[in-house]
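So the chains spell out like this:
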Protein chains: 4
Amino acid sequence: MSEPTTHALWGGRFRQGPDPRFWALNASLAVDQRLGRYDARASRAWAQALGRAGVLTPSEVEALTQGLARIEAEFAQGTFPFAESDEDIHTAIERRLKELVGEPALKLHTGRSRNDQVVTAFRLWMREAIDVLAHDVRDLMQALLTRAEADQNVLVPGYTHLQQAQPILLAHLWMAHFWAFARDRERLADTRARVNVLPLGSGALAGTTLPIDRAALAHALGFAAPTPNSWDAVADRDFAAEFLFVAALIGVHLSRLAEQIILFNTREFGFITLDDRFSTGSSLMPQKKNPDGFELARGKAGTLIGLLTGLLATLKGLPSAYDKDLQEDKDAVFRAFDTLHRLLPVVADSLRTLHVHADRTAQALDPATLATDLADYLVERGVPFREAHRLVGQLVQRAEALGVGLHELPLHELQAVHPAFQADVYERALDPRAVLARRDVLGGTAPRRLREQLTQARLLLEEPGPFGPEPQPEP
Amino acid sequence: MSEPTTHALWGGRFRQGPDPRFWALNASLAVDQRLGRYDARASRAWAQALGRAGVLTPSEVEALTQGLARIEAEFAQGTFPFAESDEDIHTAIERRLKELVGEPALKLHTGRSRNDQVVTAFRLWMREAIDVLAHDVRDLMQALLTRAEADQNVLVPGYTHLQQAQPILLAHLWMAHFWAFARDRERLADTRARVNVLPLGSGALAGTTLPIDRAALAHALGFAAPTPNSWDAVADRDFAAEFLFVAALIGVHLSRLAEQIILFNTREFGFITLDDRFSTGSSLMPQKKNPDGFELARGKAGTLIGLLTGLLATLKGLPSAYDKDLQEDKDAVFRAFDTLHRLLPVVADSLRTLHVHADRTAQALDPATLATDLADYLVERGVPFREAHRLVGQLVQRAEALGVGLHELPLHELQAVHPAFQADVYERALDPRAVLARRDVLGGTAPRRLREQLTQARLLLEEPGPFGPEPQPEP
Amino acid sequence: MSEPTTHALWGGRFRQGPDPRFWALNASLAVDQRLGRYDARASRAWAQALGRAGVLTPSEVEALTQGLARIEAEFAQGTFPFAESDEDIHTAIERRLKELVGEPALKLHTGRSRNDQVVTAFRLWMREAIDVLAHDVRDLMQALLTRAEADQNVLVPGYTHLQQAQPILLAHLWMAHFWAFARDRERLADTRARVNVLPLGSGALAGTTLPIDRAALAHALGFAAPTPNSWDAVADRDFAAEFLFVAALIGVHLSRLAEQIILFNTREFGFITLDDRFSTGSSLMPQKKNPDGFELARGKAGTLIGLLTGLLATLKGLPSAYDKDLQEDKDAVFRAFDTLHRLLPVVADSLRTLHVHADRTAQALDPATLATDLADYLVERGVPFREAHRLVGQLVQRAEALGVGLHELPLHELQAVHPAFQADVYERALDPRAVLARRDVLGGTAPRRLREQLTQARLLLEEPGPFGPEPQPEP
Amino acid sequence: MSEPTTHALWGGRFRQGPDPRFWALNASLAVDQRLGRYDARASRAWAQALGRAGVLTPSEVEALTQGLARIEAEFAQGTFPFAESDEDIHTAIERRLKELVGEPALKLHTGRSRNDQVVTAFRLWMREAIDVLAHDVRDLMQALLTRAEADQNVLVPGYTHLQQAQPILLAHLWMAHFWAFARDRERLADTRARVNVLPLGSGALAGTTLPIDRAALAHALGFAAPTPNSWDAVADRDFAAEFLFVAALIGVHLSRLAEQIILFNTREFGFITLDDRFSTGSSLMPQKKNPDGFELARGKAGTLIGLLTGLLATLKGLPSAYDKDLQEDKDAVFRAFDTLHRLLPVVADSLRTLHVHADRTAQALDPATLATDLADYLVERGVPFREAHRLVGQLVQRAEALGVGLHELPLHELQAVHPAFQADVYERALDPRAVLARRDVLGGTAPRRLREQLTQARLLLEEPGPFGPEPQPEP
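Residues numbered from 1 in each chain as written. Chains lettered and ligands numbered in written order. Predicted model: local features only at pLDDT ≥ 70, side-chain atom pairs only at ≥ 80, totals over all residues. Heavy atoms only, no water.

**Some words on the relation of the copies chain A and chain B**
Turning one copy of the chain about an axis and sliding it along that axis gives the other copy, so a rotation and a shift relate them. Structural alignment of chain A on chain B gives an RMSD of 0.0 Å, achieved by rotating through 180° and translating 0.0 Å along the axis. One copy is carried onto the other by what is essentially a two-fold rotation axis. With an isologous cut-off of 70% or more, the 100% of interface residues of chain A that recur at the interface of chain B puts this contact in the isologous class. (Least-squares fit on C-alpha atoms with pLDDT ≥ 70 in both. Contact = heavy atoms within 4.5 Å.)

Written out as structure tokens, the structure reads:
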């Protein structure tokens with residue numbers, strides 16, 4: 001990109017053109033060219049609004065509309081011809097438009113500013129990006145649900161503090177992650193509503209002097225409403241910060257899921273094996289099969305947190321309607337989107353293709369995870385819970401001392417601790433499947449309750465939400 | 001707090017009590033005692049649910065209900081008697097309850113775990129905290145609206161890049177901040193909906209074996225619904241992260257407002273003076289009057305960003321239903337709440353009491369801020385905007401060279417640049433008030449449009465939103 | 001704390017005292033009272049410097065010196081009597097000093113400002129805090145070294161991607177963590193050098209008009225030098241940010257160590273058991289023994305990252321020599337210090353007391369971790385490494401298919417893949433101890449090299465570094 | 001980049017090649033190709049070390065050395081031919097090397113792993129990057145010093161809380177920023193020492209079995225020493241985090257400087273004007289001249305903070321010697337480097353070319369900034385400072401009420417407040433230049449002291465530090 005002597009767009013009052021290194025620093029085209037399609041679309045609507053306002057003649061509007069439609073197509077096809085002198089996406093489009101339609105191109109910028117223009121294109125882009133991510137998240141939810149349906153009978157240890165706690169169904173665990181992503185999808189919907197507002201017509205900061213019908217303009221571009229205050233319209237980047245927060249939280253959820261997969265996939269746990277297609281090897285160690293995809297998911301969660309932090313720190317303390325600092329917004333948002341749009345499908349397909357070792361998970365279960373049920377057994381027979389807890393703690397110690405599982409303690413050992421223990425204790429409290437079935441409360445891991453959950457989840461996935469269809473091509 | 005030989009709650013299987021320094025690190029009472037009132041309330045509902053489930057007798061329920069009501073009152077009055085041995089708020093309440101009602105206290109913990117218990121109390125607390133902050137934010141919005149109503153006729157320079165851009169009404173600027181906080185209030189409402197879900201009954205991770213009606217329990221505690229998955233119920237801290245994000249964004253908005261006030265309050269701008277009651281002096285320099293309140297608002301925005309970042313980093317990669325790492329959540333949330341609950345009223349009252357120097361703001365306006373209107377004047381006479389922009393850029397240079405304001409350039413100078421300039425240009429394009437009135441688009445700064453905005457804002461403030469009344473005492 | 005009508009320190013030009021809520025927000029005493037001892041010490045040196053400068057009479061200096069010594073003692077003993085009206089630690093000390101010595105107290109603030117005063121006290125505090133942490137880190141390094149010495153013969157799987165990679169000595173792993181903390185100690189030393197510079201004498205921002213010998217003052221307070229620029233002296237908080245960075249990195253190292261311990265302590269790995277004194281149980285599940293200390297270490301790493309982020313965001317964009325935003329520095333630094341000073345000894349003692357199950361670790365080793373050595377065997381016999389890697393990969397598959405360990409493959413199976421395999425392969429390449437001994441390169445896990453490492457580590461621990469003795473009482 | 005059926009490097013034990021989307025996610029070439037030159041250089045040293053260890057024949061070493069030298073040259077010239085199948089920079093180089101030298105290329109990877117290989121190349125790159133940044137920072141320091149030399153006589157208001165506090169020399173303010181960057185340069189030196197350590201020879205995690213002389217290898221590549229522990233060598237990314245911290249702090253310093261420039265460049269302050277070559281205009285408002293460069297400096301400070309936060313969050317809790325999460329390190333470090341390497345020269349040149357309006361700065365000085373000196377005047381005449389402060393506060397109020405400057409109050413007004421005021425007060429305490437000269441303490445703003453500072457700064461700039469010459473081409 002070469003720098004002009006004095007600047008085409010704003011050089012009138014300048015005696016010298018920009019310094020080359022300053023110019024390179026200032027140029028945003030490398031980042032914002034991604035907005036090309038959206039800026040062209042918004043410009044088309046603006047040309048028509050100028051026509052309705054009597055600022056352009058019908059033939060000017062027609063020329064601009066056709067030129068911009070062609071430019072949109074060029075962006076969609078990747079054939080838009082950038083020029084050395086283009087500073088940002090807006091100047092590139094205006095320059096191209098002049099090549100295509102001549103003089104009317106010089107009238108397009110009437111009544112608008114790059115301040116309202118760029119944030120309009122950005123909101124259009126982000127609306128589609130949210131729709132794409134909502135689709136990706138939904139696909140991951142679907143993969144988790146499919147897994148849960150497949151693993152309904154797989155008994156696994158449930159963990160707290162990474163210590164075995166109580167037996168659960170593996171399907172129950174998959175569903176725990178399902179609901180986390182369901183909340184993320186809700187958040188995407190909430191954010192979308194705050195994205196979907198039209199700033200165009202706010203000018204540089206004070207509004208335009210032209211009789212633009214902003215409500216009609218909003219409607220033409222599919223926005224729910226125009227922004228209520230022109231200063232706020234160009235200054236506000238809440239929606240970008242909110243998007244980055246939702247992205248960071250999706251990242252956190254991916255990283256928690258990833259950590260679980262990475263653990264279950266170790267030789268030591270041995271609960272699952274990742275498919276070869278979603279594993280990598282080592283250049284040195286011939287035996288290695290590594291869960292790189294999930295490690296990246298975990299690692300990129302950190303990066304996503306950093307993108308959010310960075311933008312919030314940038315936004316802090318800005319005093320004007322528009323300060324150039326705001327230019328940092330797009331790179332962060334694009335990177336967050338790309339990160340998730342690459343990660344989510346890989347995670348979903350990795351889940352779909354992994355192999356569960358149901359025999360290993362059942363064997364792995366420590367009989368001591370039935371201790372709570374042993375205590376509950378006493379409670380049902382009138383022992384206060386605190387006392388029952390203490391007594392069972394002693395039984396756990398006793399079993400350890402004898403080198404047997406809790407379920408292998410003979411009845412007389414149990415009765416030595418409390419006479420309420422009877423022979424039915426083995427069936428009622430010391431059989432993992434029986435115990436599981438008794439966690440029969442809404443949200444519990446009992447098979448009956450799990451089926452309820454699966455039904456609830458299927459219904460949720462059928463709800464489209466406020467999202468549009470996944471756009472083609474991607475933003 | 002002293003450490004026990006072996007632990008009262010869980011020491012059954014342990015041979016040694018905890019190391020004192022480990023114990024001190026592990027104890028959370030200093031932080032979570034703030035949940036006391038809420039834990040007692042939830043325990044009361046739990047006792048009743050245990051009664052309905054047939055686990056407790058009516059008289060046990062009655063005893064527990066009364067004991068817990070008394071404990072709630074003790075917390076409300078600040079008279080709850082903590083003991084040396086209390087590890088966390090739950091053990092403190094159970095210990096106290098035993099003092100008050102005896103043996104039934106030992107039965108209260110039946111079927112629940114600290115995992116579902118603490119997050120239930122935390123959600124109850126946070127629901128109230130959100131209501132308090134929504135009230136605080138609303139009060140600040142009210143203060144901004146009141147300012148806007150008072151400053152409807154005050155002409156000020158509008159800024160982009162901290163350079164004077166176009167004239168606006170000061171009221172328009174206050175309203176720009178109003179809408180930012182309005183979005184924050186929306187976000188608080190969205191977060192509240194995700195907070196207001198009941199985890200109790202999820203046990204440690206797998207659900208309870210008791211026939212608890214969780215829907216009824218949710219209703220009793222004012223929650224919208226029970227959580228759908230017991231693992232997720234104890235693992236989920238999304239709501240805390242989301243709260244911290246909303247808090248950080250409120251902080252960012254406060255810091256942008258603060259930066260503006262700090263600038264306007266300088267000798268160099270001189271647009272406003274803070275009231276003595278909201279200024280501080282210097283221990284060394286007798287003349288100083290400093291805007292400490294707004295500087296703290298700006299500075300604490302950084303701290304709030306850090307609280308969010310910290311929790312997100314903590315949540316990343318956790319593998320279990322409940323890991324102890326989650327204990328970091330409460331301190332962060334409490335600090336964010338306290339920070340904002342202290343800041344917001346001070347900012348609101350500082351705004352209410354500041355003095356605007358309308359004469360200074362009008363004088364400060366650079367006539368060159370009318371350049372856009374001068375260009376628009378040419379556009380209306382058929383000059384393409386790009387060309388008009390360039391010509392006016394030359395006029396700006398010319399005025400600078402002559403050492404006069406743009407509005408003081410004689411007509412022949414204007415006509416030397418373009419013959420379309422006529423005598424009416426001074427009235428139409430070079431009078432700030434006239435120019436202002438022509439920004440007559442939805443969201444623009446024209447007085448007529450500003451009045452529309454004020455009306456819209458008043459209506460918004462009348463909407464209660466999903467928030468409860470501000471609780472007494474504060475959470 | 002009550003608010004005065006107009007302020008004692010700076011109220012001269014004010015017509016009204018501060019608003020109570022503003023006053024509460026502004027007051028920093030709750031945080032900065034911790035600086036009391038250091039502020040009194042610096043004030044004592046200041047009084048003497050004022051004496052040397054001829055501003056105070058010898059008897060005034062004497063009175064102030066004695067009064068301040070008493071105040072220092074009061075802080076050390078926790079008996080300093082705070083008053084309702086104290087705004088910050090400086091006003092509290094000045095008020096107390098006046099009570100103790102009368103009129104001369106009013107002269108102490110001559111030529112200094114709270115701006116240079118607070119940062120001087122803060123640097124004094126931080127110098128001691130760094131010494132304390134350097135001691136804590138050294139103690140943890142000592143614990144790791146002691147562990148390494150004890151676990152020199154314990155064979156464990158080494159991991160990459162949490163997949164077994166190659167056999168190593170457990171001692172080698174402990175030492176890996178040792179070196180990370182050694183770097184942290186270096187960083188503490190680097191930071192200490194930048195902390196240990198005297199700002200006092202810089203006044204509010206421009207220097208003092210009194211003939212103060214700042215070099216002598218620096219010497220009196222143990223600082224290496226005075227700051228070279230008075231504006232920078234009061235504006236600079238780099239040292240606080242740097243401290244928070246070093247703290248965050250220590251946190252990250254603790255969290256990586258913690259993650260390893262948490263994994264090794266699971267039933268699934270089973271490599272170690274934490275001592276009862278450093279474990280906790282569950283209120284619900286009688287069998288649980290949880291590694292809460294290490295989970296807190298991991299979780300608090302997130303909080304420490306947030307403290308750093310928060311201060312950096314606060315520092316960004318501040319324009320003046322001193323802005324009130326800087327007040328956020330102390331709370332962050334105090335919290336980081338307290339967090340680490342509580343964590344580090346618990347982690348060290350947890351390491352010292354844990355039990356290693358050397359039998360389990362040896363059994364756990366997957367024979368396939370010898371694959372690299374099998375490839376090396378071929379390389380030594382002239383096969384290019386890439387080819388050897390591919391062939392051994394096939395052997396790994398073959399062993400899996402046969403359901404045997406790599407070391408159990410009969411020679412003919414090996415030779416079917418490459419004829420260079422001979423009978424000595426089992427001894428040379430498929431015996432973990434032999435293989436281990438061959439990692440005989442500087443820094444490698446061979447026992448001989450490990451002993452070198454231990455020696456190097458012992459020498460390092462003997463170096464005192466630039467740190468002072470651990471102060472009593474703690475800062 | 002196409003995915004192979006099974007992988008060339010590690011496919012031996014795999015039955016299926018990677019999924020295309022997983023493969024795309026996993027590939028790091030887009031980022032790490034920047035390491036090409038450094039990886040080739042390290043590989044050359046490795047080939048020679050393998051030769052010395054007897055693993056390669058002299059002619060193999062020769063072939064590899066020449067091939068790698070050519071590859072290095074290709075990277076330097078930007079002509080390295082990437083292939084579709086390249087996964088990362090290491091596979092690309094190995095593939096190219098095979099094209100160039102045939103079979104010996106297959107032997108190069110003997111005894112090393114990508115784990116030690118990548119971190120070696122990264123450290124080599126970072127060492128050069130630090131040298132480049134040290135040069136950039138030095139250049140900015142030089143620009144500040146040059147400005148200070150030029151602006152030695154320019155009187156400006158000094159600010160605290162953005163309120164005029166005391167008169168200072170503009171040069172003093174430039175020097176305040178100088179010292180902040182001087183500290184950054186020290187930190188770069190400290191970090192460089194921790195970067196400049198050789199990991200190669202650590203293998204995947206346990207060391208290599210080949211008799212590699214790592215000390216000689218370190219020497220050959222210019223490293224100060226080899227790493228002491230092979231696990232730590234591949235796991236450690238402290239140096240990257242430390243680099244990001246130093247980068248973030250440089251960003252913070254740039255943003256504080258930028259904020260000052262942005263303010264001084266406003267119409268309201270009017271102290272400086274940026275050169276046209278370092279300003280931009282507006283597409284809408286013909287009169288605008290915006291300080292975009294400094295706004296970007298301020299904004300990018302936020303982004304730099306985010307990069308640091310992101311990596312710290314990523315590093316947290318990683319359990320293995322090498323986890324794939326670590327791959328996030330390079331992108332963050334590269335981005336931080338590029339950001340600063342673009343920003344610093346622009347900021348330096350913007351400073352060099354800006355215009356100072358010394359008349360405006362002097363006029364802007366509020367006479368009330370002499371209040372401290374008025375109090376000092378009384379102190380010199382025996383009034384305790386606290387009392388003097390209070391009395392001068394009243395004079396400030398009095399001057400305001402009379403609408404005159406503090407220096408314009410007639411003597412009788414001064415004497416009405418305290419009889420010690422005499423006619424010499426105007427010359428001694430109420431003349432800004434006189435007052436300035438009296439801030440004659442080390443680090444103070446008195447011209448004499450400023451000259452001392454300039455001398456000290458010039459000496460500092462002559463010290464080369466540990467940095468190498470700026471490399472060509474840039475890393």
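Once the structure has been displayed, the description carries forward.
**Quick word on the relation of the copies chain B and chain C**
Screw-axis analysis of chain B against chain C gives a translation of 0.0 Å along the axis, an RMSD of 0.1 Å, and a rotation angle of 180°. Interface overlap between copies: 100% of the residues of chain B at the interface are likewise at the interface in chain C, consistent with a symmetric, same-surface contact.

**What to know about helix H12 (residues 328-353) of chain B**
Between its first and last C-alpha atoms H12 of chain B spans 39 Å; for 26 residues at 1.5 Å apiece the expected length is 38 Å, and the two agree. Here H12 of chain B lies mainly inside the structure; 22 of its 26 residues are buried. (Helix = DSSP H or I, 4+ residues; strand = E, 2+ residues; numbered from the N terminus. Expected span 1.5 Å × (residues − 1). Buried < 20%, exposed > 50% of the residue type's maximum accessible area, 1.4 Å probe, protein only.)

**Thoughts on the interface of chain B and chain C**
Between chain B and chain C, the residue contacts involve 62 residues of the former and 62 residues of the latter. Between chain B and chain C, the buried area comes to about 5,700 Å², and carbon and sulfur atoms account for 58% of it. Looking at the side of chain B facing chain C, the largest losses of area belong to Phe-22, Leu-25 and Ser-283 of chain B, adding up to 12% of the total buried there. Inspection of the region where chain B meets chain C yields 12 salt bridges. Where chain B touches chain C, the interface holds 26 residue pairs in polar contact (both at pLDDT 80 or more). Elements with a minimum of two residues in the side of chain B that touches chain C: helix H1 (20-26), helix H11 (292-315) and H12 of chain B. Considering each element in turn, the side of chain B that touches chain C owes the most residues, 15 residues, to H11 of chain B. A breakdown of the residues in the side of chain B that touches chain C according to their chemical character gives 19 nonpolar, 20 polar and 23 charged. (Buried area = accessible area lost by both parts, 1.4 Å probe. Salt bridge = Lys/Arg side-chain N within 4 Å of Asp/Glu carboxyl O. Polar contact = N/O pair within 3.5 Å; in protein donor to acceptor, adjacent residues only side chain to side chain. Nonpolar A, V, L, I, M, F, W, Y, C, P; charged D, E, K, R; others polar.)

**With respect to the environment of Leu-308 of chain A**
Relative to the elements of secondary structure, Leu-308 of chain A occurs in helix H11 (residues 292-315). Taking the C-alpha atoms as reference, Leu-308 of chain A lies 35 Å from Ile-212 of chain A; in sequence the two are 96 residues apart. Other than its neighbours up to four places away in sequence, Leu-308 of chain A contacts Ala-241, Leu-244, Phe-245 and Ala-248 of chain A together with Phe-245, Leu-308 and Leu-312 of chain B.

**Some remarks on the pairing of strand S1 (residues 155-160) of chain D**
All names here are of chain D. Within S1, 6 of the 6 residues are buried, which leaves the element mostly enclosed by the surrounding structure. Here S1 runs beside strand S2 (residues 163-169); their pairing, made up of 6 bridges, is antiparallel. Bridge pairing links Gly-158 to Gln-166 in S2. The hairpin formed by S1 and S2 contains 2 residues between the paired strands, and His-161 there has a positive phi angle of roughly 55°. (Pairing = 2+ DSSP bridges.)

**Some details on the pattern of salt bridges**
In the structure shown here, the tally under the stated rule is 200 salt bridges over all chains. In this structure, the salt-bridge partner of Asp-276 of chain C is Lys-289 of chain C, at a minimum N-O distance of 2.9 Å. Taken as a pair, Asp-276 of chain C in the loop between strand S5 (272-273) and helix H11 (292-315) and Lys-289 of chain C in the loop between S5 and H11 lie far apart in primary sequence, 13 residues in all. Take Lys-289 of chain C: its relative accessible area is 15%, and that puts it in the buried class. Shared partners join several salt bridges into a network, and the residues in it are Arg-123, Arg-194, Asp-232, Asp-236, Asp-238 and Glu-242 of chain A together with Arg-183, Asp-184, Glu-186, Arg-187 and Asp-190 of chain B.

**Notes on the domain arrangement of chain A**
All names here are of chain A. We note that the domain assignment places domain 1 (3-110), domain 2 (115-363) and domain 3 (367-438) within chain A. Taken over C-alpha atoms, the centre of domain 1 sits 32 Å from the centre of domain 2. Counting residues at the interface gives 23 residues for domain 1, matched by 24 residues for domain 2. Together domain 1 and domain 2 conceal approximately 2,100 Å² of surface at their shared face, both sides included; 67% is due to carbon and sulfur atoms. Remark: the boundary between domain 1 and domain 2 carries 2 salt bridges. Among the salt bridges present, the one from Arg-34 reaches Asp-338, with a minimum N-O distance of 2.5 Å. Along the contact surface separating domain 1 from domain 2 lie 6 residue pairs in polar contact (both at pLDDT 80 or more). Per-element accounting of the side of domain 1 that touches domain 2 gives the leading share, 11 residues, to helix H3 (residues 36-52). In terms of residue class, the side of domain 1 that touches domain 2 is made up of 11 nonpolar, 6 polar and 6 charged. (Domains from an automatic or database assignment.)

**Points about unusual backbone geometry**
The general pattern is negative phi for most residues beyond glycine and trans for most peptide bonds. Positive phi, close to 60°, is recorded for Leu-162 of chain A, a residue that is not glycine. Mapped onto the secondary structure, Leu-162 of chain A falls in the loop between strand S1 (155-160) and strand S2 (163-169).

**A closer look at the interface of chain A and chain B**
Of the residues lining the interface, 108 residues belong to chain A; the matching set on chain B comes to 108 residues. Here chain A and chain B share an interface that buries about 9,100 Å² over both sides, 57% of which is from carbon and sulfur atoms. In this structure, the connection of chain A to chain B is made through 16 salt bridges. The partner of Asp-238 of chain A in a salt bridge is Arg-183 of chain B, with the nearest N and O atoms 2.9 Å apart. At the junction of chain A with chain B, the criterion picks out 53 residue pairs in polar contact (both at pLDDT 80 or more).

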